[in-house]
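Here's the letter readout for the chains.
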Amino acid sequence: MKYVFGPVPSRRLGQSLGIDTIPSKTCNWNCVYCQLGRTVPLTNERREYFPREDILAEVGQTLAAHGPEAIDWVTFVGSGEPTLHAGIGWLIRQVKTLTDKPVAVITNGALLYMPELRAELAAADAVLPSLDAGGPELYRTINRPHPQTTYDRLLQGLVEFRRGYKGKLWVEVMLVRGLNDTQPALSAIAAALQQIRPDAVHINLPTRPPVETWVEPPDEDGLMRAVATLGTGVQVVHPAEGTFDLSGCQDVSDALVAILTRHPMREEELLRTLDHWAPGRVTEALAELVADGRAQVVERYGSRFWNAGAARFPDEEQSRRTAPGDLA
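Below you will find a few notes about this structure.

Scoring rules and cut-offs
Numbering of residues begins from 1 in every chain and follows the order in which that chain's sequence is written. For a predicted model such as this one, the threshold for reporting local features is a pLDDT of at least 70, and the threshold for listing and counting side-chain atom pairs is 80 or more; totals across whole chains, interfaces and linings nevertheless cover every residue. Hydrogens and water are ignored here; the side-chain numbers use all heavy atoms of the structure. Detection works on a 1 Å grid of protein atoms alone, calling trapped sets that fit a 1.4 Å probe cavities and calling open sets with protein on both sides within 12 Å along at least five of seven lines pockets, with lining residues defined by an atom within 4 Å of a point. Grid points are joined across faces, edges and corners, and a volume is the space filled by probe spheres set on the points. Comment: elements are numbered from the N terminus, with helices defined as DSSP H or I runs of at least four residues and strands as E runs of at least two. Side-chain classes are defined by residue name, with Ala, Val, Leu, Ile, Met, Phe, Trp, Tyr, Cys and Pro counting as nonpolar, Asp, Glu, Lys and Arg as charged, and the others, Gly among them, as polar. Working convention: axes come from line fits to C-alpha atoms, limited for helices to the stretch in contact. Angles between N-to-C directions cover 0 to 180 degrees. Oblique is the label for any angle not under 35 degrees, not over 145, and not in the 65 to 115 range, which are roughly parallel, roughly antiparallel and roughly perpendicular in turn. Left-handed describes a crossing whose near helix is turned anticlockwise from the far helix by less than a right angle; the clockwise case is right-handed. Only heavy atoms enter the contact rule, under which two residues are in contact if any of them lie within 4.5 Å. Planes of paired rings set the category: under 30 degrees apart is stacked, over 60 is edge-to-face and the rest tilted, where pairs are Phe, Tyr or Trp rings (Trp by its six-membered ring) whose centres lie within 6.5 Å. By this rule, a helix spans an expected 1.5 Å times one less than how many residues it contains. Relative accessibility under 20% of the residue-type maximum defines a buried residue, over 50% an exposed one, and the middle range a partly exposed one, all with a 1.4 Å probe and only protein chains included. We call two N or O atoms a polar contact when they sit within 3.5 Å, provided that within protein one can donate a hydrogen and the other can accept it, with sequence-adjacent residues counted only if both atoms are side-chain atoms.

## Quick word on empty space enclosed by the protein
- This structure, assessed with the given rule, holds two cavities of 30 Å³ or more.
- Along its surface, the largest cavity is lined by 43 residues, and Arg-12, Gln-35, Val-77, Ile-106 and Glu-172 are the ones closest to its centre.
- Secondary structure elements with two or more residues in the lining of the largest cavity: β1 (4-10), β2 (14-19) and β6 (168-174).
- Residues belonging to the lining of the largest cavity are distributed by class as follows: 20 nonpolar, 15 polar and eight charged.

Now the structure itself:
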């Protein structure tokens, strides 16, 4: 499968069938915590990166191959920013004609200042944008955005989208120790959230391999401070445990790479998955992935994570050059 992956376990969305509408790392942000590596170069052009009909056909095939109990949500999320695909509104509406499962869009929200995109996402049952900062300086430090995607546009777009959107708006806040877990930073985010009025606030932690080696999750005090400051409806989202479904592809290695390109896996998760779907072929399958360059191992927090082979992860020295002064 080229555009569809999973279902994969999600703490918020159960077994989520993913739809990736854009080429790997096509994104207008270069977040310090991104689990998929650095964005090179930044892209802010909306266009039809893949034919929408091809994406929809693959969604239909995958839905037909899975029973109704295997999927809880169909989610537009992937290896970059899904709203850069100019046909996402059409795709959302067409997917909803194929299944009665709810449809979610996970987005950075940077383009929601555009009225046409707000109209396109209106058909989704849930939209999950990001808000990691309460002002432009910290926004540039954490999200390292394309110059056209300013903080004012981000906040304006979120406020305007909330006014007209009838579905669930769940804002995601990724906490990074020493950056946005301080009281001033959290108070600024809380003030922005009061303007947006989301249905829920999801606190995420960079527990999968952040691209920059200096990025760490907050300590317990920082996490408690965030929960106390960000208002009602706050939920800390921890990584989900569950089954990674590789049944949609004829080749297990291809199915696994489709997931790793969008969803890095801890080595123990990977071994469990391979042992379930390819018993007796674990060592062989891993050797094949490394030998042909389709997968790589990234070490963070003393753990080994498997990522797509093309992902750009800097070494320690390269990463330290990008750290803010207090974290360098």
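## As for the packing of helix α1 (residues 52-65) against helix α2 (residues 88-98)
- With their axes 10 Å apart at the nearest point, α1 and α2 run at an angle of 25 degrees to one another. As the angle between them shows, α1 and α2 are arranged roughly parallel. Remark: the crossing between α1 and α2 carries right-handed chirality. On α2, the residues that touch Arg-52, Glu-53, Ile-55, Leu-56, Val-59, Gly-60 and Leu-63 of α1 are Trp-90, Leu-91, Gln-94, Val-95 and Leu-98.
- Broken down by class, the residue content of the contact of α1 with α2 amounts to eight nonpolar, two polar and two charged.

## Digging into the packing of aromatic side chains
- Enumeration according to the criterion identifies five aromatic pairs in this entry.
- Considering the side-chain rings of Tyr-3 and Phe-50, the 5.0 Å spacing of their centres and the 55 degrees angle between planes classify their relative orientation as tilted. Here the residue Tyr-3 occupies a position in the segment before β1, and Phe-50 occupies one in the loop between β2 and α1, the gap between them amounting to 47 residues.
- Site record: aromatic cluster; members linked through ring pairs are Trp-29, Tyr-139 and Tyr-151.

## Looking at helix α5 (residues 151-164)
- With 14 residues, α5 should cover 20 Å at 1.5 Å per step; its first-to-last C-alpha distance of 21 Å lies within 8% of that length.
- If you check which residues of α5 are buried, you get Tyr-151, Leu-154, Leu-155, Gly-157, Leu-158, Val-159, Phe-161 and Arg-162.
- Where α5 is buried, its residues contact α3 (115-121), β5 (126-128), α4 (136-143), β6 and α6 (183-196).

## Digging into the layout of surface pockets
- Within this model, the largest pocket holds a volume of roughly 160 Å³.
- If you go around the largest pocket, the residues you meet are Ala-190, Leu-193, Gln-194, Arg-197, Pro-198, Asp-199, Ala-200, Val-201, Leu-230, Gly-231, Thr-232 and Gly-233.
- For the lining of the largest pocket, the elements supplying multiple residues, two or more each, are α6 and β7 (200-204).
- Of all the elements, α6 adds the most residues to the lining of the largest pocket, at three residues.

## Considering the packing of α5 against α6
- At a closest axis distance of 8 Å, the pairing of α5 and α6 adopts a crossing angle of 35 degrees. Residue-level inspection shows Tyr-151, Leu-155, Leu-158, Val-159 and Arg-162 of α5 in contact with α6, the latter providing Ala-192, Gln-195 and Ile-196.
- In terms of residue class, the contact of α5 with α6 is made up of six nonpolar, one polar and one charged.

## Re the environment of His-66
- Mapped onto the secondary structure, His-66 falls in the loop between α1 and β3 (73-76).
- Look at His-66 and you get buried, because its relative accessible area is 10%.
- Side-chain polar atoms of His-66 contact the backbone oxygen of Thr-62, separated by 2.8 Å.

## A word on the environment of Gly-135
- Here Gly-135 shows up in the loop between β5 and α4.
- Residue classification places Gly-135 among the buried residues on the basis of a relative accessible area of 17%.
- Residues Gly-135 and Ile-189, spaced 54 residues apart in sequence, show a C-alpha to C-alpha distance of 7.8 Å.

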